[in-house]
Amino acid sequence: MIKAENLIRKFGASVAVNDISFEVKEGENLILLGTSGCGKTTTLRMINRLIDPDSGTVFLDGVDVRTRQPEELRRGIGYVLQNHGLFPHYTVAENIAIVPRLLKWKGADIRKRVDELFQKLNLDPALTEKYPAALSGGQQQRVGLARSLMVNPPVLLMDEPFGALDNLTRISIRKEFKALDELVKKTVIMVTHDVQEAFEMGDRICLMDKGEIRQIGTPEELLFHPASDFVADFFKEQRLQLELKSVLVAEILPGYSGKNVTVWERMEALLEVDNPHLPEDSINIESLMSAFSAYKKQ
Ligand SMILES: Nc1ncnc2c1ncn2[C@@H]1O[C@H](COP(=O)(O)OP(=O)(O)OP(=O)(O)O)[C@@H](O)[C@H]1O
Ligand SMILES: [Mg+2]
């Protein structure tokens, strides 16, 4: 679906992105993870041509994006900006309608889609007449996502979508986002510097440092088979929690019927954190933990 090949981008003498390549399959969720300044935003912006690389190529469905008009390309790629990126002098309704208007949607169709997305994203319809400054950070973030989803693009780029939120709001919003049917089918590249977020949201993680990729793989691969000391050290402090988030219950308890349920999610359910996707079972904390430690000893 998306293929980046040998991308290099310099700003003056400094190299922001230094020869990186990766692929994202249709429906996959790839996380660009790394500390501030490592080149995440620059990488993301080369995909929808907000920036062009000095060398290297981005392919979307096999087509070099440089052969396409930037404006036309961007209409098919949702983009959630770092710090929501809503226009302050436009109301929420006007912000959300920008791309649909460019595509000459009828007013009634725009309203119908706004109603649908606001319901899915738990946004009060009354907010549409307000200006972004009158919204809470969490509401702004949801509106930013609603805007990017309006015309239902197959590809979504998200730059630190939860970056501006406090920790508790972040955790609950990303759970909601993960369960959102509108996102499940999409090909998503999401930027974050938050390790826990990367492990909760990513099918695969691309760990970057100083403009280069240190390792790209599933959360489990990065954690249990780090490519270097750098990778191992990056996750050291939060290791146990990350292990619980990357190992599936079905891996430690063969025959478990829940697909893609992590040990962490099953533990949360024992602590009565809601998760409607869990199957009925008779697991308790002792059985879960002893299966997990047996798995780790292998
Ligand atoms: N327009 C620009 N002009 C000059 N230098 C830039 C520009 N954009 C990015 N850079 C530099 O390129 C490097 C990578 O920046 P980038 O914004 O991609 O990092 P990032 O990983 O997204 O960081 P953060 O987590 O802080 O958002 C940084 O050193 C930054 O200063
Ligand atoms: Mg950035």
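Just so it is clear, the model here is predicted, and its values are computed rather than measured. (Residues numbered from 1 in each chain as written. Chains lettered and ligands numbered in written order. Predicted model: local features only at pLDDT ≥ 70, side-chain atom pairs only at ≥ 80, totals over all residues. Heavy atoms only, no water.)

Caption draft 1: Structural view of the domain arrangement of the chain. Along its sequence, the chain is carved into domain 1 (2-238) and domain 2 (247-298). On a C-alpha basis, the centroid separation for the pair domain 1 and domain 2 is 30 Å. Residue-level contacts link five residues of domain 1 with seven residues of domain 2. Taken over both partners, the interface formed by domain 1 and domain 2 buries close to 450 Å², and the fraction arising from carbon and sulfur atoms is 45%. Among the residues of domain 1 in contact with domain 2, Lys175, Glu220 and Phe224 are the three that bury the most area, contributing 72% of the side total. At the junction of domain 1 and domain 2, the tally comes to zero salt bridges. Seen at the junction of domain 1 and domain 2, the total is one residue pair in polar contact (both at pLDDT 80 or more). Of all the secondary structure elements, the ones that give two or more residues to the side of domain 1 that touches domain 2 are α7 (167-179) and α10 (219-224). Counting residues per element, the side of domain 1 that touches domain 2 draws most heavily on α7, which supplies three residues. In the side of domain 1 that touches domain 2, the residues fall into two nonpolar, no polar and three charged. (Domains from an automatic or database assignment. Contact = heavy atoms within 4.5 Å. Buried area = accessible area lost by both parts, 1.4 Å probe. Salt bridge = Lys/Arg side-chain N within 4 Å of Asp/Glu carboxyl O. Polar contact = N/O pair within 3.5 Å; in protein donor to acceptor, adjacent residues only side chain to side chain. Helix = DSSP H or I, 4+ residues; strand = E, 2+ residues; numbered from the N terminus. Nonpolar A, V, L, I, M, F, W, Y, C, P; charged D, E, K, R; others polar.)

Caption draft 2: Examining the sheet that holds strand β1 (residues 2-11) more closely. Pairing is antiparallel across the open sheet formed by four strands, whose spatial order is β2-β1-β4-β5. Where the open sheet ends on each side, the last strands, each with one partner, are β2 (14-24) and β5 (63-64). Where strand β4 (residues 55-60) and β5 come together, two bridges link them in antiparallel fashion. Residue pairing across strands places Phe59 opposite Asp64, the latter belonging to β5. Against the sheet, helix α1 (residues 40-47) contacts β1, β2 and β4, and its axis sits at roughly 60° relative to β2. (Pairing = 2+ DSSP bridges. Axes fitted to C-alpha atoms, helices over the stretch in contact; angles between N-to-C directions.)

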